[in-house]
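One-letter residues, chain by chain:
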Amino acid sequence: MALVQAIFEEYWPHWQHHFTPEARLRLGGVPLAALPARADIMQPGLASEYLSPDELEQWRGFNLEKRRAEWLGGRIAAKWAAAGLLGETAMTWRNLVIRTEAGGRPYVATETHAAPPFISISHSGPLAAALAANFPCGLDIQEPGAKIHTVRDRFVSPEEEDILSASLPESFTETERLTMLWAAKEAIRKMVRTTPLPGFLEIRLLANHAGCGTQADPLTLTFASNRDQDGCPPTITVLSFFADNLAWAMGCLPTRKE
Ligand SMILES: CC(C)(COP(=O)(O)OP(=O)(O)OC[C@H]1O[C@@H](n2cnc3c(N)ncnc32)[C@H](O)[C@@H]1OP(=O)(O)O)[C@@H](O)C(=O)NCCC(=O)NCCS
């Protein structure tokens, strides 16, 4: 099986109308268990096939094996997704270089393409994933866990909980609902290009316009950004759903008016 996989490809025809018509997006994922050389810094093996010399240097600098695997998986997924939009062949996509801005936002550095795609990277549980798009984009995946309840007051208001409860079928647990909202807000924080990043309570859920939270029928959540500045639109919409025990949220700017 290929190391990097197209994710939810079959659903893009259903999703496309949620985005602005000019938007082109590609989503890829790398199961972390598929990274055989994840432990060994001295024999980077697979990592050196995908990383440039300076990326490899950075990868070697991470002390934790888990962090090395997530970082590598995210880089591989992002290169693959970006290359697809650039029309790069299978032979050349590994040569794309991913760098980060001072605040941590990743971007594709290339001298051969005038307008490389925007990218967004996320990792959680068993997966690293990346979204590439011709507009600024944000992706977040999040494995549900009890910890979300301990930070509840820091990211969700009673009004937002009401909107989510009314939008999702009762089969969704409270933990899953909260995790979906967390992921949606993280996707927005990655998407907007403001410094510093907006706080979780600054991004306010206004409404769900469609969907029931599955990949075939994702929620279409519209948020107020409360940062009507620096090119940040007053409202932002993301798609959000639960699949394979992960909450997924993604979007790109400009978002389509609901
Ligand atoms: C990065 C952040 C937005 C999301 O992280 P998370 O949900 O915990 O973790 P995820 O796995 O979903 O995402 C991590 C990825 O987000 C990306 N990322 C990091 N900072 C980012 C930013 N400012 N904007 C967009 N994407 C960012 C990175 O690609 C990172 O993966 P990598 O380090 O392996 O390349 C969150 O951790 C955060 O708020 N960090 C603080 C960033 C900040 O305020 N920086 C200012 C310093 S001046």
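What you are looking at is a predicted structure, and each value in this text was computed from that prediction instead of being measured.

What follows covers the pairing of strand β5 (residues 118-124). β5 sits mainly inside the fold: seven of its seven residues count as buried. Burial along β5 is two-sided: the face carrying Phe 118, Ser 120, Ser 122 and Ser 124 and the face carrying Ile 119, Ile 121 and His 123 are both buried. Bridge count for β5 against strand β6 (residues 127-133) is seven bridges, and the pairing is antiparallel. Bridge pairing links Ser 124 to Leu 127 in β6. Between the end of β5 and the start of β6, which pair antiparallel, lie two residues, with Gly 125 showing a positive phi angle near 55°.

This part takes up the site of the ligand. Close to the ligand lie 16 residues; Gly 104, Arg 105, Ile 121, Ser 122 and Lys 190 are nearest. Elements that contribute at least two residues to the shell around the ligand include exactly α4 (65-86), β5 and α8 (174-191). For the shell around the ligand, a count of residues per class yields five nonpolar, five polar and six charged. Of the residues that make up the shell around the ligand, three or more belong to each of domain 1 (5-137) and domain 2 (157-250).

What follows is about the nonpolar core. If you look at the biggest cluster of nonpolar residues, it comprises 69 residues, and the most contacted ones within it are Ala 77, Ala 81, Ile 119, Ala 130 and Leu 131. The biggest single contributor to this core is α4, with eleven residues. Split by domain, this core shows at least three residues from each of two domains, domain 1 (5-137) and domain 2 (157-250). Not counting the four nearest positions on each side in its chain, Ala 77 is found in contact with Val 4, Gly 28, Gly 29, Val 30, Ala 128, Ala 129 and Ala 130.

It is worth spelling out the sheet that holds strand β10 (residues 235-243) at this point. Here five strands make up an open sheet; going across it, the order is β7-β11-β10-β9-β8 and the pairing antiparallel. What marks the edges here is a single partner per strand, and that holds for β7 (137-142) and β8 (204-208). Neighbouring strand axes in the sheet, compared pairwise and without regard to direction, differ in orientation by 25° on average. Across six bridges, strand β9 (residues 219-224) lies against β10 in antiparallel orientation. Its bridge partner being in β10, Thr 220 is matched across the sheet by Leu 239. Its contacts with the sheet place helix α7 (residues 158-167) against β8 and β9, and it is angled at close to 25° to β8. Strands β7, β8, β9, β10 and β11 (246-252) of the sheet are contacted by α8, whose axis makes an angle of about 150° with β7.

Cut-offs and rules
Residues numbered from 1 in each chain as written. Predicted model: local features only at pLDDT ≥ 70, side-chain atom pairs only at ≥ 80, totals over all residues. Buried ≥ 20, exposed ≤ 12 C-beta atoms within 10 Å, placed from the backbone. Helix = DSSP H or I, 4+ residues; strand = E, 2+ residues; numbered from the N terminus. Pairing = 2+ DSSP bridges. Near = placed C-beta within 6 Å. Nonpolar A, V, L, I, M, F, W, Y, C, P; charged D, E, K, R; others polar. Domains from an automatic or database assignment. Core = buried A, V, L, I, M, F, W, Y, C linked by C-beta atoms within 7 Å. Contact = placed C-beta atoms within 7 Å. Axes fitted to C-alpha atoms, helices over the stretch in contact; angles between N-to-C directions.

Bear in mind that shape data such as this cannot, by itself, settle questions of function.
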